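Per-entry structural report
Given next are the chains, with one letter for each unit.
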Amino acid sequence: MNGVVVELATLVKERGHDLIAITSRTHSEAVASRHPSGRKLADLADVVLDNHAPYGDAVLPLPDGGATGAVSTITSALLAQLVVTQTVRNLLEAGEVPPVYLSANVPEGDEHNLRLEALYAGRIRRGA
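Residues numbered from 1 in each chain as written. Predicted model: local features only at pLDDT ≥ 70, side-chain atom pairs only at ≥ 80, totals over all residues. Heavy atoms only, no water.

Thoughts on the side chain of S24
Turning to its location among the elements, S24 is positioned in the loop between β1 (20-23) and α2 (25-30). With relative accessibility at 6%, the residue S24 sits in the buried group. Within the local environment of S24, its side chain forms a polar contact with the backbone nitrogen of H27, the two atoms lying 3.1 Å apart. Setting aside residues up to four positions removed in sequence, S24 forms contacts with D50, N51 and A53. (Helix = DSSP H or I, 4+ residues; strand = E, 2+ residues; numbered from the N terminus. Buried < 20%, exposed > 50% of the residue type's maximum accessible area, 1.4 Å probe, protein only. Polar contact = N/O pair within 3.5 Å; in protein donor to acceptor, adjacent residues only side chain to side chain. Contact = heavy atoms within 4.5 Å.)

Focus: helix α4 (residues 72-93)
The terminal C-alpha atoms of α4, which comprises 22 residues, lie 31 Å apart, in line with the 32 Å expected from a rise of 1.5 Å per residue. Here α4 has its buried residues at S72, S76 and L79. End-on view of α4: buried residues confined to an arc of 60°, all on one side of the axis. More than 90 degrees from the buried face of α4, the exposed residues found are T73, I74, L78, L92 and E93. Summarising the contacts, the buried residues of α4 are in contact with β1 and β2 (47-50). Backbone geometry just downstream of α4 places G95 in the positive-phi region, at approximately 85°. (Expected span 1.5 Å × (residues − 1). Arc of directions from axis to C-beta.)

Focus on the layout of surface pockets
The gaps of empty space that remain are located by a probe, the size of a water molecule, rolled over the atoms. The space that makes up the second largest pocket amounts to roughly 170 Å³. Lining the second largest pocket we find I20, I22, L49, A80 and V83. Taken together, the elements giving at least two residues each to the lining of the second largest pocket come down to β1 and α4. Its residues assigned to classes, the lining of the second largest pocket comprises five nonpolar, no polar and no charged. (1 Å grid on protein atoms, 1.4 Å probe; cavity = no way out; pocket = protein on both sides within 12 Å on 5 of 7 lines; lining within 4 Å. Points joined across faces, edges and corners; volume = space filled by probe spheres on them. Nonpolar A, V, L, I, M, F, W, Y, C, P; charged D, E, K, R; others polar.)

A look at the nonpolar core
Counting seven residues, the largest nonpolar core consists of V6, A9, L19, A21, L41, L44 and A45. Residue assignment for this core shows that the elements contributing at least two residues are α1 (3-14) and α3 (41-44). With sequence-adjacent residues up to four places away left out, A9 is seen in contact with L19, L41 and L44. (Core = buried A, V, L, I, M, F, W, Y, C linked by side-chain atoms within 4.5 Å.)

Here's the deal with the pattern of salt bridges
A full pass over the atoms with the stated rule returns one salt bridge. Salt-bridge contacts for K13 lead to D46; the nearest nitrogen and oxygen are separated by 2.6 Å. Of this pair, K13 sits in helix α1 while D46 sits in the loop between α3 and β2, and the two are 33 residues apart along the sequence. Among the residues examined, K13 registers a relative accessible area of 27% and is labelled partly exposed. (Salt bridge = Lys/Arg side-chain N within 4 Å of Asp/Glu carboxyl O.)

Thoughts on helix α5 (residues 109-119)
Buried within α5 are the following residues: G109, N113 and L116. Considered in projection along α5, the buried side chains sweep an arc of 55° and stay on one side of the axis. Opposite its buried face, α5 presents the exposed residues L114, R115, A118 and L119, each directed more than 90 degrees away.

Re the environment of G109
Topologically, G109 is positioned in helix α5. A residue is classified by how much of its surface remains accessible, and G109, at 0% relative accessible area, is buried. Ignoring sequence-local partners within four residues, the contact set of G109 consists of L102 and S103.

Okay, structure coming up:
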């Protein structure tokens, strides 16, 4: 497991935040931690979502060894979107108006998103 991910997860926990991790249990259990503490991402998480990627994150074995066809990116993206979708559903069922961005490619999308950004000014960070 990548030690940088464990370091970031450690910082999240030290700051008192809950941590939801998306990882492959199959792969994680088959390899040693690369972090000096020996911990893995799942060890720090409050909730672990298994993306079910196989060991090595590849599904097509190659004749001379190794494999290709990574799946963790797509399964992890799907899990993340399912969490967001369920959260929005929960908010709607509770009578709340979820703060959801609209596509910039629909009428009023940009205006809607600018209003959200103004409402959450100082909490939204953009990469440089």
